[in-house]
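One-letter residues, chain by chain:
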Amino acid sequence: MLQYRLFAEVSDDRGMVEKKAEEQLHSWLRRKRLAADALRLGRTVDLGARATGSLAVSQRPDGSRSWRAIIAEDNNKGRWTTRLTIDIPGNDKRKPWLWLDLDGPDDIVAKAPGLASMLLEVFDAKSDGVRQGAAEPISRREDVRELVESVCSETRRGLLFVAGSDANLPFDQWLAWVRGAVAQSVGLAACYVLDPTATDVFNNAIGPTHRVDPWTLRTFQPGVVPDDPEDGRRHKVLGRDRIINDPVRRITRMLGQRARRSALDTPLPSVASRIDRVFDHQINLDLLEPVSRPAERVEVEIATVPPVIVDPVLAALSEVLGGGEPTASRVLELGQLADLGRGAQANRAALSARLAGYEDEVGSLTSGNAELREQLLDTQLDYLDAEEGRAAAEAEVRRLRKLLSINWPAGQVGPDDHDTTEFRPSDLLELIPHLDDLACVDFTGNPDTLQELSRHDETGAWAGKAWDAMNVLNEYATAIATGAFEGNVRAYLENIPPGGHSWPVTKYADHESKQTRSNDKFRGERTFPVPTDVCAGGVIFMEAHFKLAKFRTISPRLYFHNDVRGTGKVFVGYIGKHPSNTLTN
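Residues numbered from 1 in each chain as written. Predicted model: local features only at pLDDT ≥ 70, side-chain atom pairs only at ≥ 80, totals over all residues. Heavy atoms only, no water.

K.L.:
How should I be thinking about the overall build of the protein in this particular structure?
P.N.:
Assigned secondary structure in the protein consists of 17 helices and 20 strands. For the protein, the proportion of its 585 residues judged to be buried stands at 42%. Intrachain contacts of the protein at a sequence separation of at least 6 include 62% that bridge at least 24 residues. Looking at the protein as shown, the accessible area adds up to about 31700 Å², and 52% of this sits on carbon and sulfur atoms. (Helix = DSSP H or I, 4+ residues; strand = E, 2+ residues; numbered from the N terminus. Buried < 20%, exposed > 50% of the residue type's maximum accessible area, 1.4 Å probe, protein only. Contact = heavy atoms within 4.5 Å. Areas by Shrake-Rupley, 256 points an atom, 1.4 Å probe, with all protein chains shown as cover.)

K.L.:
Is there a simple way to explain the packing of aromatic side chains in this structure?
P.N.:
The description of an aromatic ring pair uses the distance of the two centres, along with the angle that the planes make with each other. Taken as a whole and judged by the stated rule, the model has 14 aromatic pairs. Ring plane angle 35 degrees and centroid distance 5.0 Å describe the contact between Phe 7 and Trp 97, whose orientation is recorded as tilted. Of the two residues, Phe 7 sits in strand 1 (residues 2-10) while Trp 97 sits in strand 6 (residues 97-103), which places them 90 residues apart along the sequence. You'll find Phe 7 and Trp 97 in the same group, each marked buried. Centroid distance Trp 503 to Phe 546: 5.2 Å. Interplanar angle 80 degrees. Geometry classified as edge-to-face. Taken as a pair, Trp 503 in the loop between helix 15 (489-494) and strand 15 (508-509) and Phe 546 in strand 18 (residues 545-547) lie far apart in primary sequence, 43 residues in all. The class for Phe 546 is buried, based on a relative accessible area of 0%. Through successive ring pairs, a cluster of aromatic residues spans Trp 503, Tyr 508, Phe 546 and Phe 560. Geometry around Trp 99 places Arg 68 over its ring, the cationic atom sitting 5.4 Å from the centre. Taking NZ or CZ as reference, Arg 523 lies 4.0 Å from the ring centre of Phe 541, over its face. (Phe/Tyr/Trp six-rings, centres within 6.5 Å; stacked < 30°, edge-to-face > 60°. Lys NZ or Arg CZ within 6 Å of the ring centre and 35° of its normal.)

K.L.:
Explain the sheet that holds strand 6 to me, please; I cannot follow it from the model alone.
P.N.:
Two orientations exist for strands paired in a sheet by backbone hydrogen bonds: parallel and antiparallel. The antiparallel open sheet is built from eight strands, whose spatial order is 2-3-4-5-6-1-7-8. If you trace the sheet from one side to the other, it starts and ends with strand 2 (44-48) and strand 8 (130-131), each paired once. Taken strand by strand, helix 1 (residues 17-31) contacts strand 1, strand 2, strand 3 (51-59), strand 4 (65-75) and strand 5 (78-88), and its axis lies near 10 degrees from that of strand 4. (Pairing = 2+ DSSP bridges. Axes fitted to C-alpha atoms, helices over the stretch in contact; angles between N-to-C directions.)

K.L.:
I tried to follow unusual backbone geometry on my own but got confused; where do I start?
P.N.:
Backbone geometry at Arg 33 places phi at a positive 60 degrees, although glycine is not the residue there. Looking at the element boundaries, Arg 33 is found in the loop between helix 1 and strand 2. You can call Arg 33 exposed: its relative accessible area is 76%. Non-glycine residue Arg 50 carries a positive phi angle of around 60 degrees. Its place among the elements puts Arg 50 in the loop between strand 2 and strand 3. The class of Arg 50 is exposed, set by a relative accessible area of 57%.

K.L.:
Would you mind showing me how to read a positive patch on the surface here?
P.N.:
Positive charge collects at one region of the surface, where Lys 77, Lys 111, Arg 249, Arg 250 and Arg 253 lie side by side. If you trace the backbone, Lys 111 turns up in the loop between strand 6 and helix 2 (114-122). (Patch = residues over 30% accessible without salt bridge, like charges linked within 9 Å, V, L, I, M, F, W, Y side chains within 5 Å. Salt bridge = Lys/Arg side-chain N within 4 Å of Asp/Glu carboxyl O. Lys, Arg positive; Asp, Glu negative; His and termini not counted. Charge placed at Lys NZ, Arg CZ, Asp CG, Glu CD.)

K.L.:
Help me understand the sheet that holds strand 9 (residues 136-138), please; the structure alone is not making it clear to me.
P.N.:
Strands sit in the order 9-11-10-12-13 across an open sheet of five strands; the sheet is mixed. In the strand order of this sheet, the two ends are held by strand 9 and strand 13 (237-238), each with one partner. Looking at chain direction, strand 10 (residues 160-163) and strand 11 (residues 190-194) are connected through four bridges and run parallel. If you follow Val 162 over to strand 11, its bridge partner there is Tyr 192.

K.L.:
Help me out: how do you make sense of the confidence of the model for the protein in this one?
P.N.:
Regions with low pLDDT carry predicted coordinates that are not meant to be interpreted in detail. Looking at the protein as a whole, its pLDDT mean stands at 82, while 78% of the residues score no less than 70. Counting contacts from residues 290-295, a segment whose pLDDT is below 50, to residues more than four positions away or on other chains yields seven contacts. This model gives residues 416-421 a pLDDT under 50, and the stretch forms six contacts once residues within four places in sequence are excluded. (pLDDT = per-residue confidence, 0-100.)

K.L.:
Help me out: how do you make sense of the packing of helix 3 (residues 141-152) against helix 5 (residues 196-206) in this one?
P.N.:
Geometry of a packed helix pair, given as the angle between the helix axes and the separation of the axes. Running from amino to carboxyl end, helix 3 crosses helix 5 at an angle of 40 degrees, the nearest separation of the two axes being 10 Å. The pairing of helix 3 with helix 5 is recorded here as oblique in orientation. Handedness of the crossing formed by helix 3 with helix 5: right-handed. Contacts from Arg 141, Val 144, Leu 147, Val 148, Val 151 and Cys 152 in helix 3 reach Ala 198, Val 201, Phe 202, Ala 205 and Ile 206 in helix 5. For the contact of helix 3 with helix 5, the class distribution of residues is 10 nonpolar, no polar and one charged. (Parallel < 35°, antiparallel > 145°, perpendicular 65-115°, else oblique. Left-handed = near helix turned anticlockwise from the far one by under 90°. Nonpolar A, V, L, I, M, F, W, Y, C, P; charged D, E, K, R; others polar.)

This is the structure:
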């Protein structure tokens, strides 16, 4: 079972990365009283104290080089396997990286390995641009600005702990406490401790919903949306009462488990997965290498053979060798075959252990996937029930607001008083025939993207959300055409008129990030068809979008182009899974 994972880019001298990593590995092994100097490339060697180790190197045509060490230790609690991988890209534009994994028994929660702390002490290591290592104090205004950018970064994938302070407690004492509290999160999550001035600057920049109060520690998940109260609830705060009353050991364990879950759930970058497959393939080839044929016979003349071998031994040798006189060369050949046999037996044992490990892993994953799928479906059904109830309640509210807005006479039956139902698709396939039902919204995209998306929307909740978004756009365009409204889409969402469909402003974006706009691949994935009277080329870059749901890398989006002041239409170019960005690539 994977117990720990550290993955970080390093900014150190490329020529020293492998050397520094190997030095720390050897130092760590010596602390454990293991024979570090026995390690050899391409061989599994005994390191003493029921431990083995091996080294491997992969050199690629582009000049990139990867190095891996595997240390396996057996003790009374089970087997622990440490894998340290270093990669130095051949291209100077890409930074070297290190990757440390620890596998251990299923029923034990491991502490952060000492090797992780040793590596982070000598390397300038960052994960998603955030410095890894012990909790760092922050006092300079420019450092606070960088921290706010890191907290809100779209590319950050790991947790980030931020602690605040004021002048009522010695800062050094608070810093020491925080470092102890996050001791089991080293390499799993970054941590920063703000001094009193930095705390004020940070809170002014991040806003009230995501502030960090003095003498509290806040856990920032990826995907921070400042000024959004709903999002603010995702980022847990360790308050003063718990800090004062809970044992530090309990807090350390709790923060460590939180950071570990996040780190282990975060997929590896694709380049690391490719390197992992290369090393796995190399190990399999070494283990499956066929037994080589012994060297050609070399007759060795022996001047004198002392008469010390008794007849039964000679007879046994002759029988083993297939008859004939047991010459020195034939006995040496027998020794070579015995060595090969012992090697094959060791390889067979290693293969059996490796296959057993794979079988356990597959069995665990299969069982876990089935359980997770069942839990997911239950959650989706609960969400669908809540969403249908919300939609029905909102439809009734719209009807009542319309009645109030036109001052309907008291006691008289209003329009649709006995029929508050509205069309609402039950799945994405049902939505496709209705994409062009709205007067001011034209769908110019490919319906196949909805069909593909429907495979992931088992309950149909996303279809209703997409229909809501299209209705909002239709009502917005109508309001512009009639002169009832003059602003943009964001302003409309902030001031929905009586009886109109609503949409949370926090789930709408006017534009994409600078990185997405400037990347040709990402920009191309957001370029969709429009009529030639809108754009002569027949396609246009669309960045305004509605966030229909948050669901891993699928997270469906609806992209549109607002041309209400031109053709009087809104053109929806895409409804489908989240296009590529810096997180998915």
